[in-house]
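The lines below spell out each chain.
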Amino acid sequence: GTRLYRTGDLAHWTPHGTIHYTGRTDTQTKIRGFRIEPAEVETALLEHAEIAQAAVHTHRDRHGTARLAAWVVPAPGCDPTPQDLRGWARTRLPEHMVPSYVTVLDRLPLTANGKLDRAALPEPTTAATEGRAPRTELETTLTTLFTTTLDAAHPLTIDDNFFDHGGHSLLAARLTNHIHTHTGTHLTIRDIFLNPTPATLAHHLTHTTPRTPQAPDDGAGAGAVGAEKLRRPERPEQLPLSFAQQRLWLLASMEELGTAYNVPMTARLEPAPDAAVLRAAVADVVARHEPLRTVYATHEGEPVQRVLPPGEREPFVEHRRTTAEKLPEELAEASRHAFDLAAEPQLRVTLFDAGDGSATLLVLLHHIATDGQSLAPLFDDLATAYAARAAGGQPEWPPLPTAYADHALRQRAELGDPAAPESALGRHLAYWREALAELPEELPLPLDRPRPSVAGNRGATVPVAFGPELYARIDRLARAERSTPFMVVQAALATALHRLGAGDDIPLGVPVAGRSSADLAPLVGFFVNTLVLRTDTAGNPSFRELLRRVRAADLDAFAHQEAPFDQVLEAVSPRRSPARHPLFQVCLALEGGPEPTVRLAGSAPAPASVVDTGGAKFDLEFLLRGEPASGLTGALLYNRDLFDAATAERMVAVVGRVLDHALREPDTALSAIEVLDGVERGLVVDAWNDTVVPIGEETLNTLFEHQARVRPDRTAVIHEDHRTTYRELNEAANRLTHHLTTCAGI
């Protein structure tokens with residue numbers, strides 16, 4: 001909506017006649033959704049007997065989260081500690097106004113005219129903790145692994161909470177992998193959520209979790225903290241696909257060169273990059289990442305990877321001149337290119353030059369070669385290569401720690417035989433058989449049209465933009481309930497579907513990153529696996545209670561996320577139908593952090609956005625991104641064979657209203673959460689309930705005889721297969737009246 005300006009806001013008119021907001025004259029800021037006046041915090045700190053001066057300002061941590069930082073000058077002869085000052089501030093200020101960082105200085109930096117020079121304030125260096133140092137070797141190992149996994153700016157203590165320092169599900173998975181490498185202990189994401197500090201996790205490891213024997217050190221320092229590397233397996237002549245690739249290959253082969261699994265990304269670059277330099281840079285990136293130069297053949301009926309040698313086939317890079325009028329149509333056409341997986345690599349780059357000094361870059365990939373986590377390394381490597389080629393050199397980047405094809409081999413070796421109950425995959429599948437038992441065959445969604453006998457893939461999108469303030473409230477509730485923003489959004493979506501008539505058992509398809517090792521982070525490839533997360537809304541729980549149910553179920557599911565979706569599908573063996581996606585029909589994806597950005601030397605950085613190809617893989621697919629600065633944004637991709645645009649828009653609005661109400665009052669029962677807007681409530685309560693009609697003074701007999709005169713041949717009564725008109729009924733009634741009068745004297 002529109003911005004509501006307040007007294008103290010600073011803004012100016014642009015040449016286009018719009019108001020540009022630039023900040024506050026009174027330095028008011030917003031932290032975790034709360035408006036804070038730093039001067040109030042400074043005043044509170046100055047009440048401390050050992051503080052002579054104080055300055056408070058916002059500081060963004062390594063994860064981009066705005067935190068409150070304080071710089072203080074002690075009174076003469078005093079030496080207060082940051083921990084003491086934060087503890088003292090907690091007794092006088094609400095939690096959201098307590099500085100996360102307190103830095104003690106000899107003096108505050110001043111400008112030439114004696115005012116505080118905020119730009120000269122040093123980086124906060126004191127951790128916002130009062131934690132203890134490690135007491136045992138295990139606690140030392142865990143605090144080191146916490147620090148390195150979180151990329152923390154300072155060494156953490158045994159009392160630091162993993163999630164308070166930017167931890168999330170993906171990082172928790174990496175932490176469990178590191179812990180297994182260094183301690184021989186198999187942990188799950190659930191263990192990290194339930195034991196989020198090194199101290200509590202060490203207690204858990206010591207008292208409840210058995211360890212497995214460690215492989216002997218090969219002399220290369222594999223036992224040192226942070227030094228573990230994935231070993232490269234020996235490659236067979238026929239390279240198998242990863243489980244994720246295999247499923248996508250099968251779906252793509254059934255689609256007959258369709259576009260549902262295209263991933264088109266565009267960025268508008270000003271000024272336009274050099275086409276020849278771009279061509280050379282793309283070739284460098286393709287040589288670096290094997291999935292971008294892989295084709296998929298069959299050997300004895302099974303799909304295999306054919307990784308082409310670097311330089312064997314020139315990548316598709318086209319420089320196309322167009323006009324501003326033709327650009328949208330040509331962009332959409334190029335995005336709908338149908339990849340032939342057996343014949344061509346899965347990357348096409350087109351530079352559209354409109355002749356105005358700018359250009360639109362289209363990077364089109366097939367999903368079998370990429371996923372959401374691949375876009376950052378892809379564009380980072382493209383930027384490095386472009387800068388090097390523009391300077392007349394070649395890119396110098398460190399070698400990748402592993403390759404995608406090696407990941408596929410390791411995955412199959414580590415999971416083992418699905419038919420063997422003692423194998424890792426066998427144990428995972430046993431869990432999923434029980435977790436998904438008696439799952440609804442089809443979620444009863446409010447369709448606008450009957451479901452066709454064979455599912456189509458005609459899709460369209462509706463934007464989602466819920467704003468920073470709402471996302472800050474999502475984050476606060478997640479922290480309070482020791483869950484994640486994703487879990488809060490999942491609970492809200494399940495609530496919305498439940499209130500829209502989808503029942504009490506809500507299965508959602510959810511992609512998980514599939515990159516448990518940090519060595520996989522810089523790779524481009526399709527690592528994503530799909531989980532089926534089941535939400536139980538029965539019994540009219542409060543939203544808080546539902547969130548706790550979601551958290552418990554999700555943590556169990558995440559502990560078994562290594563099981564490939566195809567294997568789960570075979571193990572659960574639901575009744576199949578070509579009319580719907582098996583196990584779930586609604587998908588929810590929530591990415592974290594800012595959108596990927598294209599940075600080519602000489603051009604301004606430009607965010608990369610997804611082009612709508614008009615395809616749909618599911619009935620409904622919520623593709624969302626959560627980031628403090630922009631809030632919860634994204635799109636709902638819906639199947640046009642089932643839904644109208646108005647219905648999809650209403651679903652997005654209902655999810656927004658559920659979030660707003662539930663975050664304000666999380667103890668509200670699901671049945672009491674508001675899902676109607678003012679207009680809809682007016683229709684239900686007033687318009688549709690306005691059934692008053694004038695009935696006059698006539699008796700029922702008089703009204704019936706009137707109908708018999710004016711509509712004698714209309715049907716009055718239906719009994720089984722027999723219909724009686726008003727004339728026939730009136731004549732029969734008259735005969736009965738005459739009979740009763742004559743025979744019975746009535």
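In the block above lies the structure referred to throughout.
Computed from a prediction, not measured in an experiment: that's the story for all the values here.

**Q** Tell me what's going on with the overall build of the chain, and back it up with residues and numbers.
**A** Helix and strand content of the chain: 20 helices and 25 strands. Within the chain, the proportion of its 746 residues that are buried is 48%.

**Q** So what's going on with the packing of aromatic side chains? Which residues, and what values?
**A** Summed over the entire model, instances satisfying the criterion amount to 6 aromatic pairs. Ring geometry for phenylalanine 146 against phenylalanine 162: centres 5.6 Å apart, planes inclined by 80°, an arrangement best described as edge-to-face. Residue phenylalanine 146 is located in helix 3 (residues 137–150), and its partner phenylalanine 162 is located in the loop between helix 3 and helix 4 (169–183); the two are separated by 16 residues in the primary sequence. Aromatic side chains tyrosine 431 and tryptophan 432 sit 5.0 Å apart centroid to centroid with 75° between the ring planes, which places their arrangement in the edge-to-face category. As far as burial versus exposure is concerned, tyrosine 431 and tryptophan 432 are alike and both buried. Grouped by ring-pair contacts, the aromatic residues Phe565, Phe584 and Phe618 constitute a single cluster. If you follow arginine 412 out to its NZ or CZ, it ends over the ring of phenylalanine 243, 4.4 Å from the centre.

**Q** Any details on helix 3? Residues and values, ideally.
**A** Helical geometry note: an α-helix holds 3.6 residues per turn, so side chains three or four residues apart project in the same direction. With 14 residues, helix 3 should cover 20 Å at 1.5 Å per step; its first-to-last C-alpha distance of 20 Å lies within 8% of that length. Counting buried positions along helix 3 gives 10 out of 14 residues, so the element sits mostly inside the fold. Leu138, Glu139, Thr141, Leu142, Thr143, Leu145, Phe146, Thr147, Thr149 and Leu150 are the residues of helix 3 that are buried. Looking at the buried positions of helix 3, the neighbouring elements they touch are helix 4 and helix 6 (198–207). Once helix 3 ends, the next one or two residues include aspartate 151, with phi positive near 55°.

**Q** Requested: an account of the environment of aspartate 380, with residues and values cited.
**A** Tracing the chain through its elements places aspartate 380 in helix 10 (residues 375–390). Among the residues examined, aspartate 380 registers a relative accessible area of 43% and is labelled partly exposed. Taking the C-alpha atoms as reference points, aspartate 380 and valine 598, separated by 218 residues in sequence, lie 7.7 Å from one another.

**Q** Report on the sheet that holds strand 12 (residues 316–321), specifying residues and quantitative values.
**A** The 5 strands are arranged 12-13-14-9-21 in an open sheet whose pairing can be described as mixed. Looking at which strands have only one partner, the edges of the open sheet turn out to be strand 12 and strand 21 (609–610). Relative to strand 21, strand 9 (residues 262–269) is paired through 2 bridges, and the arrangement is antiparallel. From the neighbouring strand, threonine 266 faces strand 21, where its bridge partner is serine 609. Helix 8 (residues 275–288) rests against strand 12, strand 13 (347–353) and strand 14 (359–366) of the sheet, and its axis sits at about 165° to strand 13.

**Q** Residues and numbers for unusual backbone geometry, please.
**A** A negative phi holds for most residues other than glycine; trans holds for most peptide bonds. A cis geometry characterises the amide bond from glutamate 270 onward to proline 271, with omega recorded as -10°. Looking at the element boundaries, proline 271 is found in the loop between strand 9 and helix 8. A positive phi is found at glutamate 300, a non-glycine position, where the angle reads about 55°. By secondary structure assignment, the location of glutamate 300 is in the loop between strand 10 (294–299) and strand 11 (302–307).

**Q** Let's hear about the packing of helix 3 against helix 6: which residues, and what values?
**A** Running from N to C, helix 3 and helix 6 point in directions that differ by 130°, and their axes come no closer than 9 Å. With respect to helix 6, the element helix 3 is oriented oblique. By crossing handedness, the relation of helix 3 to helix 6 is classed as right-handed. Where helix 3 abuts helix 6, its residues Leu138, Glu139, Leu142, Thr143 and Phe146 lie against Pro198, Ala199, Leu201, Ala202, Leu205 and Thr206. In terms of residue class, the contact of helix 3 with helix 6 is built from 8 nonpolar, 2 polar and 1 charged.

**Q** If you had to explain the sheet that holds strand 8 (residues 239–240) to someone new, which residues and values would you point to?
**A** With respect to topology, 3 strands assemble into an open sheet ordered 8-11-10, the strand pairing being antiparallel. Lying at the two open borders of the sheet, with one neighbouring strand each, are strand 8 and strand 10. Pairing of strand 10 with strand 11, which is carried by 6 bridges, proceeds in the antiparallel orientation. The residue of strand 11 that forms the bridge with threonine 294 is valine 307.

**Q** Describe the packing of helix 8 against helix 10, and please don't skip the residues or the numbers.
**A** The geometry of helix 8 relative to helix 10 is characterised by a closest axis approach of 8 Å and an angle of 130° between their N-to-C directions. On the basis of their axis angle, the class for helix 8 and helix 10 is oblique. Where helix 8 crosses over helix 10, the handedness of that crossing is right-handed. Counting all contacts with helix 8, which are made through Val277, Leu278, Ala280, Ala281, Val282, Asp284, Val285 and Arg288, the residues of helix 10 involved are Leu378, Asp381, Leu382, Ala385, Tyr386, Arg389 and Ala390. Tallied by class, the residues present in the contact of helix 8 with helix 10 amount to 11 nonpolar, no polar and 4 charged.

**Q** Tell me about the pairing of strand 23 (residues 631–639), and please be specific about residues and values.
**A** Of all the 9 residues making up strand 23, 7 are buried; the element is thus mostly covered by neighbouring parts of the structure. Pairing between strand 15 (residues 459–465) and strand 23: 7 bridges, direction antiparallel. The residue bridging alanine 465 from the neighbouring strand is threonine 633, located in strand 23. Bridge count for strand 22 (residues 620–627) against strand 23 is 8 bridges, and the pairing is antiparallel. Residue pairing in the sheet places glutamate 627 in a bridge with glycine 631 of strand 23. The loop that links strand 22 with its antiparallel partner strand 23 comprises 3 residues.

Each value, and the rule that gives it
Residues numbered from 1 in each chain as written. Predicted model: local features only at pLDDT ≥ 70, side-chain atom pairs only at ≥ 80, totals over all residues. Heavy atoms only, no water. Helix = DSSP H or I, 4+ residues; strand = E, 2+ residues; numbered from the N terminus. Buried < 20%, exposed > 50% of the residue type's maximum accessible area, 1.4 Å probe, protein only. Phe/Tyr/Trp six-rings, centres within 6.5 Å; stacked < 30°, edge-to-face > 60°. Lys NZ or Arg CZ within 6 Å of the ring centre and 35° of its normal. Expected span 1.5 Å × (residues − 1). Contact = heavy atoms within 4.5 Å. Pairing = 2+ DSSP bridges. Axes fitted to C-alpha atoms, helices over the stretch in contact; angles between N-to-C directions. Parallel < 35°, antiparallel > 145°, perpendicular 65-115°, else oblique. Left-handed = near helix turned anticlockwise from the far one by under 90°. Nonpolar A, V, L, I, M, F, W, Y, C, P; charged D, E, K, R; others polar.

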